[in-house]
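# Examining the three-dimensional arrangement
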Amino acid sequence: MIFKAVGDHKPYPDHGLVTTRDWSHLPPRQIRLDQLTTVRAQLDLRGLLTDDSTFYGDLFAHVVAWRGELYLEDGLQRALRAALQQRVIIHARVLELG
């Protein structure tokens, strides 16, 4: 299995970070794919396979740490591309919620 779990919603409270600029104050760090729980169960395959699917937006995935779990909020395409390239880590900005 690529991820720890596949979810279909955000189980954590709203954190107010919306734009790439909001997330930019968090330094990226390496996260193992098998530690992540996704917050989306479906992905448009066309979006994954386009050459510029990771061109716009943040270079790093957005992860929320809450109650001992890591939730992949944004960057599912990046994570799946990493898995397809047989990489086990991605670089992500991690927001720690109390």
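My aim in this report is to walk through the structure given alongside it, one point at a time. These figures come from a predicted structure and were not determined experimentally.

Within the fold, Glu73 resides in strand 5 (residues 69–74). At a separation of 2.4 Å, a polar atom in the side chain of Glu73 contacts the side chain of Tyr12. In contact with Glu73, other than residues within four places in its own chain, are Lys10, Tyr12, His15, Leu17, Trp23, Val39, His62, Val63 and Val64.

Okay, the sheet that holds strand 2 (residues 28–32) next. Strand pairing in a sheet takes place through backbone hydrogen bonds and is either antiparallel or parallel in direction. One open sheet accounts for six strands, arranged 1-3-5-4-6-2; its pairing is mixed. Each having just a single partner strand, strand 1 (5–6) and strand 2 make up the two edges of the open sheet. As defined by bridge partners, strand 2 adjoins strand 6 (residues 89–96) across five bridges and the pair is classed as antiparallel. Counted as the bridge partner of Ile31 is Ile90 from strand 6. Across the sheet, helix 3 (residues 76–84) touches strand 3 (36–38), strand 4 (61–66), strand 5 and strand 6, and the angle it forms with strand 6 is around 150°.

Within this structure, the stated rule accounts for one aromatic pair. Residues Tyr12 and Tyr71 carry aromatic rings whose centres are separated by 5.6 Å and whose planes lie at 50° to one another, so their mutual orientation is tilted. With Tyr12 in the loop between strand 1 and helix 1 (20–23) and Tyr71 in strand 5, the pair connects residues that are 59 residues apart, well separated along the chain. One exposure class covers both Tyr12 and Tyr71, and it is buried.

How each quantity is defined
- Numbering of residues starts from 1 in each chain and follows the order in which that chain's sequence is written.
- Two thresholds apply to this predicted model, a pLDDT of at least 70 for residue-level local features and 80 or more for giving and counting side-chain atom pairs, whereas whole-chain, interface and lining totals are computed over all residues.
- Based on all heavy atoms of the structure, the side-chain values leave hydrogens and waters out of the count.
- For helices the rule is a DSSP run of H or I covering at least 4 residues; for strands it is a run of E covering at least 2, with both sets numbered from the N terminus onward.
- Each polar contact in these results corresponds to two N or O atoms within 3.5 Å; when the atoms are within protein, one needs to be able to donate a hydrogen and the other to accept it, and residues that are neighboring in sequence are counted only if both atoms are side-chain atoms.
- Contacts: residue pairs with any heavy atoms within 4.5 Å of one another.
- A pair of strands counts as paired when DSSP detects no fewer than two bridges linking them.
- Note on method: axes are straight lines fitted to C-alpha atoms, helices fitted across the in-contact stretch only, with angles between N-to-C directions ranging 0 to 180 degrees.
- Working definition: a ring pair exists when centres of Phe, Tyr or Trp rings (six-membered ring for Trp) sit within 6.5 Å. Plane angles under 30 degrees give stacked, over 60 give edge-to-face, the rest tilted.
- Buried, partly exposed and exposed residues are distinguished by accessible area as a fraction of the type maximum, computed with a 1.4 Å probe on protein chains only: under 20%, between the cut-offs, and over 50%, respectively.

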